[in-house]
Protein chains: 2
Amino acid sequence: MINAVGRDIPDEILRKYGKEPFRGVHYRDNKPYKKAEVTAHGMVDPMRNKMVSSIREAMEKCNAHDGMVFSFHHHFRDGDHIVNMVMQTAFEMGLKDLTVCASSLGAAHSVVADLIEKGIVTGIQTSGIRDRIGEAVSYGKLKTPAIIRSHGGRVRAIEEGDVHIDIAFIGAPTADEYGNLRAVGGKSDCGVLSYSMVDAKYADYTVAITDTLVPFPNYPPSIPMTDVDYVCVVDEIGNPAKIASNVIRMTQDVRELKMAEDCAKVMAATPFFKDGFSFQTGGGGASLAVTRFLEPLMEERNIKMSFAIGGITKPMCDLLEKGYIRTVVDAQCFDKTAIESVKNDPRHYEISTSEYANPLNKGAFVNKLDFVILGALEIDTGFNVNVTTGSDGVLRGAPGGHPDTAAGSRCSIIVAPLIRGRIPTVVEGVVNVTTPGEAVDVLVTDYGVAINPKRKDLIECLSASGLHIVTIQELLSTALNIVGKPEPIHFEDDIVGIIESRDGTIMDVVRRIKPQTEIHEIIG
Amino acid sequence: MINAVGRDIPDEILRKYGKEPFRGVHYRDNKPYKKAEVTAHGMVDPMRNKMVSSIREAMEKCNAHDGMVFSFHHHFRDGDHIVNMVMQTAFEMGLKDLTVCASSLGAAHSVVADLIEKGIVTGIQTSGIRDRIGEAVSYGKLKTPAIIRSHGGRVRAIEEGDVHIDIAFIGAPTADEYGNLRAVGGKSDCGVLSYSMVDAKYADYTVAITDTLVPFPNYPPSIPMTDVDYVCVVDEIGNPAKIASNVIRMTQDVRELKMAEDCAKVMAATPFFKDGFSFQTGGGGASLAVTRFLEPLMEERNIKMSFAIGGITKPMCDLLEKGYIRTVVDAQCFDKTAIESVKNDPRHYEISTSEYANPLNKGAFVNKLDFVILGALEIDTGFNVNVTTGSDGVLRGAPGGHPDTAAGSRCSIIVAPLIRGRIPTVVEGVVNVTTPGEAVDVLVTDYGVAINPKRKDLIECLSASGLHIVTIQELLSTALNIVGKPEPIHFEDDIVGIIESRDGTIMDVVRRIKPQTEIHEIIG
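The structure displayed is predicted, hence computed values, not measured ones.

1. A word on the pairing of strand 12 (residues 230-233) of chain B
Regular strands place their side chains on alternate faces of the sheet.
Residue and element names in this part refer to chain B.
Part 1 of the argument: Where strand 3 (residues 51-52) lies against strand 12, two bridges are found, and the strand directions are parallel. In the strand pairing of strand 12, M51 is matched with V231.
Part 2 of the argument: Bridge analysis of strand 11 (residues 205-210) against strand 12 gives four bridges, and the strand direction is parallel. Following the sheet pairing, A208 is matched in strand 12 by V231.

Next up, the structure:
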C-alpha cells in the first residue's frame, strides 16, 4: 500500500505487524488508545532484598530464556559496557533467538554484531543502527527486519505494547541497594537516564547494573526503586572518556559557518524569534555553530529563550550560564559540560524521553518547540528527509529525535551542504524516508535557502530577509549540474528493516542490498 | 469466610468484588500480577491546546456522564475547594450514580455528604471517612458499600484496576497552560502532590484545576504535562489557612508526654536505634512529642537518622535543619513549616504515594522503615488495631498509612492512652480491624508497655530497659477494672463499608448501625 509519503509498504508487513501505513503527522491526534498491561512482582516482604552477585544471577532470577527481548539505554554512548556484558552473559548461558531493544546502538556494541552473525540475536529494535550492526542488517544477516524508531516513537511503542520488554538492563552511574538509580555521582556519570525510564516502567523485570553503590536513599532518583527488581554491582559500567568527550569540536569550516549564520538569520526573520522562544539543535558542526550565531541576535533584540531541549552540549550550557536561556530540559548529555550542568545547575532539568518526544502522551516538549535545527543525509523535492540509510543503501544513521522535533516545532530547519564529496544531499527521491516533508519547513544549504511551499507564512517573512531564497527544485538542478545523476542502488526484494513513523504507522521499509560483486556483474 | 484476623467476610462480598479474604501481610509477595490497561488520548497536534474556561467545559470535554468515577487528592485538607466545586458542577449538570474516589474525605466536603443524602453520589472510595460523610455511610445512606483503603492500598487498587478512574480532578497550586503542575508557588501551596500522581497516570482523563497560572514550563513538575488533558483556572482552589495551620500544637498533657518519652525509650532499647535509622510518626500529640524526646537520645549516642517519612511537620523539619536527619521524603505536608521546607531545602523531597507505601510496587519506603509511631482508636489482645470506626461503630477515622507503615517497618509502635473518657482503648475484640496484629509490635500506654508475643527479640531487649512491661491481657484487665465492660454495639446485617487490606484482600466489613432509637427499644 502506498503511504502518505509515497512509499510502497508491502501488505504482508502491515498484516504481520498489525500496522497501518503512515497517514500524515497528525493522524492519531486525540484518538483514544490503550497502553499495554504491565506485569510486576510486588515487594511486599520488607526483609527480601534486591542485591545479586552477578549479571548471570540477575538473569536467572528474571527467568531469562530463549526468545526474550532485552532492553538497554545508550546514555553511555561509545563508552557503554552494559550491552556487551549482558549479551556476552546471555551467550554464555546458551540463550538464543534474542531481541535487543535499545534506545540506540553503535560502535561500542561489537558483541551484538557478533551475535547477529552467529544467529543468536535475531531481532533488533533501535534508533541508531550503524557500523558493523548496520552492515550486518543491510546485508541480510539478521533473521527478522530491524525495527527503527525515533526516540519519541520508541516510548510510544513500549507503552502501546508494540514491543514487550522481558528484562530491562539499566546501567546506572549510582544505585542504592534498593534500586534508586541516579545518572550522576559515580565513576561513569552520564547526566540523565531519560531513555530508560519507560523501560523500567514496562519491562517484566528491571535489572540495575552499577559500579558505584551508595547509601539508601539515593535521592532524587532518575529511576525509582519502585521500578527496579534487582541490583548488580560490576567493576565498570562504562568508559568515561568515551561517554562524553570533554571538548566539543567547534567548526572552523567556512561553509559550515556560513550555513550556520544563514540558519540563525532564518530564525531571526520569523515571528517566532521573540522573547520566550524555544530551541533545539543537534550536535553536528553547523548545528552547534547556530547556537553561537544566536547570541548576538538575542542580545540585539534583548530577548531570552524560555527553554532549550537536548541533546545538550557546552554551547547551550554557556547560554544558560550567561542568562540567555531560562530553562534547559535534558534528555541526553553530549559532553562533560552538559553532565556537570545538569548535576549542578538547578535550572537544568532531567526529563524522560516521553516528556521530550512521545507523540501519544498528553503533550511532549517537542510540541512547544519554536525552532529545531536538524541535519540530513538526503532530502528530496518533497522535503522528505533520510537520516537512516546512506546513499549506498547501507544503514548508517539514526532517526533520534529528528521526526519528533520536526513534527512538533513551529519551524524545523534542515542544515546540510548541497553536496558531500561527490554525493548530493538534495535528491529526486530519498533512499528511505525518516522524516516526512510535511514536517520539514526550511532547508539551509551552501547554495541557498529553500522553503517548503506549504509554509506560505515563512516564504513571506523570509523573502524580505536578504537571504538567498531558492526552490528545492533549483537546488536539485544545481546538484545534478555539479555531480551528475547518481548511480541507482541495487536492492533485493527482501525487507531487512522497517522504519516506523513516530505514531507507530509504517513510514518506509529498508531492503537488502545486493552484495557489491553481484552489482558489478549486473552492471558489467 | 473467616480471614487471617478472624473476621467473617461474607462470600457474596468476595464474589461480587472478585476478592480474597485477608491471608496475612506477606501473602502476595513476589507473585506476578497485571496492572490495569490505561486509556489515553495522544496530543500529537502541537497546535491543539488544553485550556478550558470552566470546570463544566472540562467535564464536557471529558464526556462526563452518569455512573462515572471522579477522583481527588486531599493535600488541601480542611481547606479544599476542589471536591465541592467539581461535585456541585456535576450536580448542576444533572449527573447521577457517581462515585467519589478520593485519597481522603473530611469536614471540607459537605457537598459530597449532601449528594449522598440525595442519592446522586452512590459510591465512595477513600481512606478517611468522617463527620457527615462517615455518619451518612454508617447509617446506610450510600447505595453501595464505601471502600476504605490505606494510602498504599489506594495506589495498588488504582494500578490493579480495582477502581477505574474516569476523570481525575487535580487541584494544583500552580500550573502552566500545558499542564505541568507544582505543589508550590501559588496562593494555596500544599507542598507535595503525592496522592494524585497515580490518578494522573491511570485516569482516562486528567483535569488540572489551579488558581495560579504560570509560564511554561512550570518545572520541575509534581505532575507532568504528559499526564494532563485539560487545565482550568478558577478564583480559588483552597483556603490556605485551613490547608496548613501555621503552628502545630505541642502537647503539654503530662500523660501524653510520659507516653511519648516511654516510646522514645522503647526505640532506644532496640538494636534498630543506631546511626542511619529511619523513622516515621503521625501528627497526634503523643506521636509528635516522640520526635522531641528523640533528639537528646540521638545526641547522647552521636547518631543520625538516614531518612524520615511523613506526614511531615515542624518538629521533623527542625531535626532536619539541626542535622539530625539526612533526608526527608514527603508524601504529605501537615503544616506551613513542612511546605516551606520541601520548597526550599534540597534534602527534603516530594515522593509519590506509590514510593511511600504501595505494597505491590518493587519496593516502597515503608519497607525501609525502622520505626513507626502510630495511634489507635482500639487495639485488641491479638494486637489488631482499629483506626476506622469509633467504639460506637460510626465511621470516623482513616487507615491512612497505618497498615502500610506497620507492615513495612522493623518496629511498629502504637501509642495510646488505655482509656479515653470512659472508653477503653484495649479491648477484647476491636469493632473493625484496620491493621492486623501480625504487623503491630509494641503498644505504649499510660499503664505500661505491651509487646507482641511474636516479637521475642523485642521482649528480650525491652525487658532490660527499665520500662514497665506488661502483657496486653493485663492492660485489658486494668481497663475492665476501671471502666467495666463496654455495652455491645448493635448492628444490622447489611454491609455499608469494606475495609480492604493494603494488598487488596478483604480485612473487614463495616455493618450498618441501628438507629439510636431502635437500640434503646431493644435495650429497654
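2. A few points about the sheet that holds strand 14 (residues 305-312) of chain A
All names here are of chain A.
Part 1 of the argument: Overall, mixed pairing links the nine strands, which are arranged 16-15-14-13-17-20-24-25-26 in an open sheet. The two strands at the open ends of the sheet, each matched to only one other strand, are strand 16 (348-350) and strand 26 (469-470).
Part 2 of the argument: Across the sheet, helix 11 (residues 314-322) is in contact with strand 13 (277-281), strand 14, strand 15 (325-333) and strand 16; its angle to strand 15 comes to roughly 155°.

3. Considering the packing of helix 3 (residues 82-92) of chain B against helix 4 (residues 110-117) of chain B
All names here are of chain B.
Part 1 of the argument: At a closest axis distance of 8 Å, the pairing of helix 3 and helix 4 adopts a crossing angle of 35°. Where helix 3 abuts helix 4, its residues V83, N84, M87, Q88 and F91 lie against S110, V111, V112 and L115.
Part 2 of the argument: In the contact of helix 3 with helix 4, the residues fall into six nonpolar, three polar and no charged.

4. With respect to the pairing of strand 27 (residues 491-500) of chain A
Residue and element names in this part refer to chain A.
Part 1 of the argument: Counting buried residues in strand 27 gives seven out of 10 residues, a clear majority hidden from the surface.
Part 2 of the argument: The pairing of strand 7 (residues 146-148) with strand 27 spans three bridges and is parallel. When the bridges of strand 27 are listed, A146 appears paired with G497.
Part 3 of the argument: Hairpin geometry of strand 27 and strand 28 (residues 506-513) is characterised by an intervening segment of five residues between the two adjacent antiparallel strands and by a positive phi of about 95° at G504.

5. A short note on the interface of chain B and chain A
Part 1 of the argument: Taken together, the contacts link 61 residues of chain B with 61 residues of chain A.
Part 2 of the argument: Buried area between chain B and chain A, summed over both chains or domains, comes out near 5400 Å², and the portion from carbon and sulfur atoms is 57%.
Part 3 of the argument: Taking the shortest distance from any N to any O, the salt bridge between K362 of chain B and D229 of chain A comes out at 2.6 Å.
Part 4 of the argument: There are 32 residue pairs in polar contact (both at pLDDT 80 or more) connecting chain B and chain A.
Part 5 of the argument: Secondary-structure elements contributing two or more residues to the side of chain B that touches chain A are strand 1 (32-34), strand 2 (39-41), strand 11, strand 14 (305-312), strand 15 (325-333), helix 13 (353-357) and helix 14 (402-408) of chain B.
Part 6 of the argument: Among the residues forming the side of chain B that touches chain A, the class breakdown is 29 nonpolar, 14 polar and 18 charged.

6. Digging into the environment of A464 of chain A
Part 1 of the argument: Looking at where A464 of chain A falls in the secondary structure, it is placed in the loop between helix 15 (456-463) and strand 26.
Part 2 of the argument: The spatial distance from the C-alpha of A464 of chain A to the C-alpha of A269 of chain A is 8.3 Å, given a sequence separation of 195 residues.

Reading guide: rules and limits
Residues numbered from 1 in each chain as written. Chains lettered and ligands numbered in written order. Predicted model: local features only at pLDDT ≥ 70, side-chain atom pairs only at ≥ 80, totals over all residues. Heavy atoms only, no water. Pairing = 2+ DSSP bridges. Helix = DSSP H or I, 4+ residues; strand = E, 2+ residues; numbered from the N terminus. Contact = heavy atoms within 4.5 Å. Axes fitted to C-alpha atoms, helices over the stretch in contact; angles between N-to-C directions. Nonpolar A, V, L, I, M, F, W, Y, C, P; charged D, E, K, R; others polar. Buried < 20%, exposed > 50% of the residue type's maximum accessible area, 1.4 Å probe, protein only. Buried area = accessible area lost by both parts, 1.4 Å probe. Salt bridge = Lys/Arg side-chain N within 4 Å of Asp/Glu carboxyl O. Polar contact = N/O pair within 3.5 Å; in protein donor to acceptor, adjacent residues only side chain to side chain.

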